[in-house]
Amino acid sequence: QNYLDNFWPDLKAAHELFDSILQARRERESESQENNGKEYPEHLPVEILEAGIKSGRYMQGTLNVNKHRAQLEAFVRLQGFGSKETG
């Protein structure tokens, strides 16, 4: 803001862009606070997921995505299993 005010006081488009970015950042921060700091809302409550994992309905694992072919290549490494489940 200071840079724009001091060096580009007449550049209206830059000031509008800065204001837009600042507003978007504030909205994102307020949404993050509403979601307890989580970027994305949870699909299911933690209690349901934990119960599903204990009962065997759900499996817990880690998703690994190929950064070069993210649209085409990924696998899930299940906890407690040495093999890969592809999908």
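What counts and what doesn't
Residues numbered from 1 in each chain as written. Predicted model: local features only at pLDDT ≥ 70, side-chain atom pairs only at ≥ 80, totals over all residues. Heavy atoms only, no water. Helix = DSSP H or I, 4+ residues; strand = E, 2+ residues; numbered from the N terminus. Buried < 20%, exposed > 50% of the residue type's maximum accessible area, 1.4 Å probe, protein only. Areas by Shrake-Rupley, 256 points an atom, 1.4 Å probe, with all protein chains shown as cover. Phe/Tyr/Trp six-rings, centres within 6.5 Å; stacked < 30°, edge-to-face > 60°.

A.B. asks: I'd like a rundown of the overall build of the protein, residues and numbers included.
C.D. replies: Scanning the protein from terminus to terminus reveals three helices and three strands. Counting helices and strands in the order they occur from the N terminus, the protein gives α-α-α-β-β-β. Going through the 87 residues of the protein one by one, you find that 6% of them count as buried. With an accessible surface of roughly 8,200 Å², the protein has 52% of that area assigned to carbon and sulfur atoms.

A.B. asks: Tell me what's going on with the packing of aromatic side chains, and back it up with residues and numbers.
C.D. replies: A full pass over the atoms with the stated rule returns one aromatic pair. When the centroid spacing of 5.2 Å and the interplanar angle of 40° are considered together, the rings of Y3 and F7 count as tilted. Taken as a pair, Y3 and F7 lie in helix α1 (residues 2-7) at a separation of four residues, close to a single helical turn. Of the two residues, Y3 and F7, neither departs from the other in class, the shared state being exposed.

That is the geometry; function is a separate question.
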